[in-house]
Amino acid sequence: MSNKNIIEAKNLIFTYSDEPDALSGKITAAVNDISIDIERGSFTAIIGHNGSGKSTLAKLLSGVFIPGEGSVQVYRKGCDTPLDCSNEDHNFDIRKTVGMVFQNPDNQLVATIVEDDVAFAPENLGIEPSEIRKRVDAALETVGLTAFAGHDTHKLSGGQKQRVAIAGILAMNPECIIFDESTAMLDPQGRRDIMDTILSLREKGVTVVLITHYMNEAAMADKVVVVHEGKVAFSGTPKEVFGNKKMLSDCSLEPPQCAILLEKLSDLLGCGNPCAINTQEAVSVIEKALKEHGIMPEKGDNNA
Ligand SMILES: Nc1ncnc2c1ncn2[C@@H]1O[C@H](COP(=O)(O)OP(=O)(O)OP(=O)(O)O)[C@@H](O)[C@H]1O
Ligand SMILES: [Mg+2]
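This one's a predicted model, so the numbers in the text were calculated from it and none came from an experiment.

Caption draft 1: Main features of the site of ligand 1. The immediate surroundings of ligand 1 are formed by 13 residues, with Gly51, Lys54, Ser55, Thr56 and Gln103 found nearest. Taking Gly51, its main chain carries an N or O atom lying 2.8 Å from an oxygen atom of ligand 1. A distance of 3.0 Å separates an oxygen atom of ligand 1 from a polar atom in the backbone of Gly53. For ligand 1, whose accessible area on its own is 630 Å², the fraction buried by protein is 57%.

Caption draft 2: Representation of the coordination of the magnesium ion (ligand 2) in the model. Coordination of the magnesium ion (ligand 2) by the protein is provided by Ser55 (OG) and Gln103 (OE1), with metal-donor distances spanning 2.0 to 2.2 Å. Of this pair, Ser55 sits in helix α1 (residues 54-61) while Gln103 sits in the loop between β6 (98-101) and α3 (114-124), placing them 48 residues apart in sequence.

Caption draft 3: Expanded view of the environment of Ser71. By secondary structure assignment, the location of Ser71 is in strand β4 (residues 69-74). Apart from the residues lying within four places of it in its own chain, the contact partners of Ser71 are Glu8, Ala9, Lys10 and Leu12.

Caption draft 4: Quick look at the sheet that holds strand β2 (residues 31-39). Taken in spatial order, the four strands of this open sheet run β2-β1-β4-β5, and their pairing is antiparallel. In the strand order of this sheet, the two ends are held by β2 and β5 (83-84), each with one partner. For β4 and β5, the ladder comprises two bridges, and the chain directions are antiparallel. Paired with Gln73 across the two strands is Asp84, which belongs to β5. Relative to strand β1 (residues 5-14), α1 is tilted by about 125°, and along the sheet it contacts β1, β2 and β4.

Caption draft 5: View of the packing of α3 against helix α4 (residues 129-142). Two elements in contact, α3 and α4, have axes whose closest approach is 9 Å; the angle formed by their N-to-C orientations is 125°. Between α3 and α4, the angle falls in the class oblique. Crossing hand, α3 versus α4: right-handed. Between α3 and α4, the residues in contact are Val114, Glu115, Val118, Ala119, Pro122 and Glu123 and Ile132, Arg133, Val136, Ala139 and Leu140, respectively. Grouping the constituent residues of the contact of α3 with α4 by class yields eight nonpolar, no polar and three charged.

Caption draft 6: Summary view of the domain arrangement of the chain. Split into domains, the chain comes out as domain 1 (1-101 + 208-253) and domain 2 (258-292). Domain 1 and domain 2 are separated by 33 Å when their C-alpha centres are compared. At the junction of the two partners, domain 1 supplies six residues and domain 2 supplies six residues. Between domain 1 and domain 2 the total buried area reaches about 480 Å² when both faces are included, carbon and sulfur atoms providing 57% of it. Where domain 1 packs against domain 2, one counts one salt bridge.

Caption draft 7: Layout of the nonpolar core. Counting residues in hydrophobic clusters, the biggest one holds 49 residues, and the most contacted among them are Ile47, Phe179 and Phe242. Not counting residues within four places of it along the chain, the set of residues in contact with Phe242 comprises Ile47, Met215, Ala218, Ala219, Leu248, Glu254, Pro255, Pro256, Cys275 and Ile277. With 29 residues, the next largest nonpolar core counts Val74, Val98, Ile211 and Val225 among its residues.

Caption draft 8: Here's a closer look at the packing of aromatic side chains. Tallied over the full model, the rule gives three aromatic pairs. Ring plane angle 5° and centroid distance 4.7 Å describe the contact between Phe14 and Phe65, whose orientation is recorded as stacked. Separated by 51 residues along the polypeptide, Phe14 in strand β1 and Phe65 in the loop between α1 and β4 bring together distant segments of the chain. A relative accessible area of 18% means that Phe65 is categorised as buried. Among the aromatic side chains, those forming a connected cluster through ring pairs are Phe14, Tyr16 and Phe65. For the cation-ring pair, Arg191 lies above Tyr214, with the distance from its terminal atom to the ring centre recorded as 4.1 Å.

Cut-offs and rules
- Residues numbered from 1 in each chain as written.
- Chains lettered and ligands numbered in written order.
- Predicted model: local features only at pLDDT ≥ 70, side-chain atom pairs only at ≥ 80, totals over all residues.
- Heavy atoms only, no water.
- Near = heavy atom within 4 Å.
- Polar contact = N/O pair within 3.5 Å; in protein donor to acceptor, adjacent residues only side chain to side chain.
- Areas by Shrake-Rupley, 256 points an atom, 1.4 Å probe, with all protein chains shown as cover.
- Donors = N, O, S within 2.8 Å, 3.2 Å for Na, K, Ca; no water.
- Helix = DSSP H or I, 4+ residues; strand = E, 2+ residues; numbered from the N terminus.
- Contact = heavy atoms within 4.5 Å.
- Pairing = 2+ DSSP bridges.
- Axes fitted to C-alpha atoms, helices over the stretch in contact; angles between N-to-C directions.
- Parallel < 35°, antiparallel > 145°, perpendicular 65-115°, else oblique.
- Left-handed = near helix turned anticlockwise from the far one by under 90°.
- Nonpolar A, V, L, I, M, F, W, Y, C, P; charged D, E, K, R; others polar.
- Domains from an automatic or database assignment.
- Buried area = accessible area lost by both parts, 1.4 Å probe.
- Salt bridge = Lys/Arg side-chain N within 4 Å of Asp/Glu carboxyl O.
- Core = buried A, V, L, I, M, F, W, Y, C linked by side-chain atoms within 4.5 Å.
- Buried < 20%, exposed > 50% of the residue type's maximum accessible area, 1.4 Å probe, protein only.
- Phe/Tyr/Trp six-rings, centres within 6.5 Å; stacked < 30°, edge-to-face > 60°.
- Lys NZ or Arg CZ within 6 Å of the ring centre and 35° of its normal.

Structure (structure tokens):
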């Protein structure tokens, strides 16, 4: 029986510089005592304001950074002995298990041609060339870049580079993928496509961690973790998180737009104070209230 969690992080502390901060005179840790478990097969969203520590945490969870204090353990499928992010000998296996799409795609792209870039990581994992071909084609199709396979990576737009970076990680077939604001540069359709990809990855059993400033994206997760000043301020289901207005405002965050709209309409509708985390939920509450006020006919009543 393998562990129910794929990643277990305990009491992580990470500081970028030993120099005290010019203003406070203190050494500030970007991640300051965070413990977090990522359940295998789950979809976790990490939210928090700029500079709260999300990217630093993601790099610790994926083994890119080694914590100054604390531990990160990664459990491969069917394997009871964890990989330890502080052990350099485990680095290759951790990279194979936990893929990370960086916030800035320029930090991730390595080759000058799109398909070579997508093939780079699977090549380094020692995968057969015929299998790499299949994976590269499938990954480029998933991110909508099939026609760009032979293009120069340097001549792509920011959003296109972001798609190449996502394809590169998909082609590795990792057990867990951490997306650090991977939809930030994409147009609305591109963002929806990547969210669909994320949801289908979860359907296939891939563990997903998504760092995002889009609350409607976080609302699709199983669990939302709120990071504030290097600590976990709150974690729970999207309903628990987005229903907690005081905590959100203390962390300089807002619930999804549909929840804000419903709150503003709630007095008018006399529907109490329900929390809607997506448009469908908001529409259901509004429909119910309108029916109760006799404003909207029941379905099937419209015989005119
Ligand atoms: N390379 C670096 N060198 C020094 N300090 C850094 C570096 N990267 C981040 N920091 C600091 O660490 C803290 C956390 O940064 P981090 O990038 O993890 O935040 P974030 O939550 O990802 O922010 P954003 O939403 O803007 O991406 C910030 O105070 C930031 O200034
Ligand atoms: Mg960041």
